[in-house]
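# Breakdown of the fold
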Amino acid sequence: MKISLTQALAYGQRVLTAMDVPDDIAEAVAQHLVESDRVGYTSHGLSILANYRRVLADGLARADGRPELVSDRGAMVAFDGHHGLGQYVGKQVIEEAIERTRAHGQCIVTLRHSHHLGRMGHYGEMVAARGLILLAFTNVINRAPTVAPFGGASACLTTNPLCFAGPLPGGRPPLLVDMATSSIAVNKARVLAAQGEPAPPGALIDAAGRPTTDPGALFTDPPGALLPFGGHKGYAMGLVAELLAGVLSGGGTIQPEHPRHGVATNNMFAILLDPQVDFNTDWRSQEVGAFIDYLHACPPQPGVERVEYPGEYEARNRQRNADSLQFDDAIWEGMARLAHDLGVPDALPA
């Protein structure tokens, strides 16, 4: 089913306000979700609202939660998200960090106790659009672990995403690295299971610790587990994200002394840099442009159209979905059911 971006945004806002989310928060969250669908990440788009309804109804997130600045040292700031919806909380925090970076040339920012921040690349794009660089590390607490450590047969960690972003010269889309330190994200496994599609080899183990391509193995009782990307290398990066985000923010790690109420709560540690502070603009632009041209000139492998840099996938999807979004039947039916249950059945076009 295809709907316009305007209709998709209106759907998100109406569903969220029906959950008693304030208008300004609903608008920010809906914009983030629609943009996730638009750039090709359905797992972090409008389909996730059904889970948000459960979380809000159970009191595990706050519909009106807003970030609070709890420490201010100029170029170092710390926020408490008060369990507000992460797409709104994250936007407010990153916007403040951007302003601090404009003033000081750099900013270190931490955030604790935010509900699910959503697609971290969204914040990378915000920062890159202002000509700045972002390095962000996020951990996930307040839910059962989903990722097995390297060599482990059961889950002890979570997906702990990394995000790196920055502008590129010559009108190119920004460099954007947004990845879980697990082989795939939990929501990606959920979407694959709903669509009846297999997970990539090496992404999962079942409850007995055996390799499997069945994404449903993650949702059995007892559950299987995701594996780190790249074996011991992804495992190590996941530990770095866990400690930087969980400890330096004060939000905590996934260790079992902390509650696990089944709701994704994020902590974040991020660094923003203004590259104009230390680099000559002309040389930087020439060097970066030459490097990207060098990558693009690499002959592709058989079956591959061309070599790309991280960020071109999102830019290509954004252009393809310039005016509308296409949803498969299962996701569309779930969205329609949610709207009906919330008393806004006309939120989607017939």
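Residues numbered from 1 in each chain as written. Predicted model: local features only at pLDDT ≥ 70, side-chain atom pairs only at ≥ 80, totals over all residues. Heavy atoms only, no water.

The chain is annotated in an unreviewed UniProt entry as Lactate dehydrogenase of Bordetella genomosp. 2. The UniProt entry for the chain carries the following text under Sequence similarities (unreviewed entry): "Belongs to the LDH2/MDH2 oxidoreductase family." (UniProt positions renumbered as here; feature names shortened; annotations may be inferred.)

## Overview of the pairing of strand β2 (residues 68-72)
Here 4 bridges tie β2 to strand β3 (residues 76-80), and the two strands are oriented antiparallel to one another. Paired with D72 across the strands is V77, a residue of β3. In this structure, the hairpin formed by β2 and β3 is closed by a connection of 3 residues, where G74 is found at a positive phi of approximately 80°. (Pairing = 2+ DSSP bridges. Helix = DSSP H or I, 4+ residues; strand = E, 2+ residues; numbered from the N terminus.)

## Observations regarding the nonpolar core
Judged by nonpolar contacts, the single largest core of 62 residues is most densely connected at Y11, L16, V21, L46, L49, V109 and M268. Considering every element that reaches this core, the biggest residue donor is helix α2 (residues 23-38), with 7 residues. Residues in contact with V21, not counting those within four places in the same chain, are L16, A26, L56, A63 and L85. By size, the runner-up hydrophobic cluster in this structure holds 11 residues, among which are L157, I184, A189 and L204. (Core = buried A, V, L, I, M, F, W, Y, C linked by side-chain atoms within 4.5 Å. Buried < 20%, exposed > 50% of the residue type's maximum accessible area, 1.4 Å probe, protein only. Contact = heavy atoms within 4.5 Å.)

## Looking at the packing of aromatic side chains
The tally for this structure, following the rule as stated, stands at 5 aromatic pairs. With a centroid separation of 6.4 Å and 40° between ring planes, the pair formed by F291 and Y294 is classed as tilted. Taken together, the positions of F291 and Y294, both in helix α8 (residues 281-296) and 3 residues apart, correspond to about one turn of that helix. Judged by centre distance (6.4 Å) and plane angle (40°), the rings of F327 and W332 are tilted. Take F327: its relative accessible area is 4%, and that puts it in the buried class. Residue classification places W332 among the buried residues on the basis of a relative accessible area of 13%. These aromatic residues form a ring-pair network of at least three members: F137, F164 and F269. (Phe/Tyr/Trp six-rings, centres within 6.5 Å; stacked < 30°, edge-to-face > 60°.)

## Overview of α2
When the terminal C-alpha atoms of α2 are compared, their 22 Å separation across 16 residues agrees well with the 22 Å that a helix rising 1.5 Å per residue should span. The buried count for α2 comes to 12 of 16 residues, which makes it a mostly enclosed element. Here α2 has its buried residues at I25, A26, A28, V29, A30, H32, L33, V34, E35, S36, D37 and R38. As for α2, its buried residues are in contact with α1 (5-18), α3 (49-57), α4 (86-104), α5 (120-129), α9 (312-320) and β12 (324-326). Just downstream of α2 lies G40, where phi reads positive at about 105°. (Expected span 1.5 Å × (residues − 1).)

## Digging into the pattern of salt bridges
According to the stated counting rule, one finds 18 salt bridges in the structure shown. The residue R318 makes a salt bridge to E35 at a minimum N-O spacing of 2.6 Å. A residue pair is termed long-range when its members are at least 10 positions apart, and R318 in helix α9 and E35 in helix α2 qualify at 283 residues. The class for R318 is partly exposed, based on a relative accessible area of 21%. When its relative accessible area of 16% is taken as the criterion, E35 is described as buried. (Salt bridge = Lys/Arg side-chain N within 4 Å of Asp/Glu carboxyl O.)

## A word on the environment of L338
Tracing the sequence through the fold places L338 in helix α10 (residues 329-341). Residues L338 and S47, spaced 291 residues apart in sequence, show a C-alpha to C-alpha distance of 9.5 Å. When neighbours within four sequence positions are excluded, L338 is seen to be in contact with Y11, V15, M19, L49, A50 and R53.

## Examining the pairing of strand β11 (residues 265-273)
The buried fraction of β11 is high, at 7 of 9 residues. Judged from the 8 bridges that link them, strand β4 (residues 106-115) and β11 form a sheet pairing that is antiparallel. For S114, the partnering residue across the bridge sits in β11 and is N266. Relative to β11, strand β5 (residues 133-141) is paired through 9 bridges, and the arrangement is antiparallel. When the bridges of β11 are listed, L134 appears paired with L272.

## As for the side chain of T101
By the element assignment, T101 lies in helix α4. Its relative accessible area of 0% is what places T101 among the buried residues.

## Topic: the sheet that holds strand β8 (residues 204-205)
The strands that make up a sheet pair up through hydrogen bonds in the backbone, lying either parallel or antiparallel. In spatial order, the strands read β9-β8-β10; together these 3 strands make up an open sheet with antiparallel pairing. The open sheet has two free edges, formed respectively by β9 (211-212) and β10 (225-226), since each of these has just one partner strand. One ladder, built from 2 bridges, connects β8 with β10; its direction is antiparallel. Considered in β10, the bridge of I205 is made with A225.

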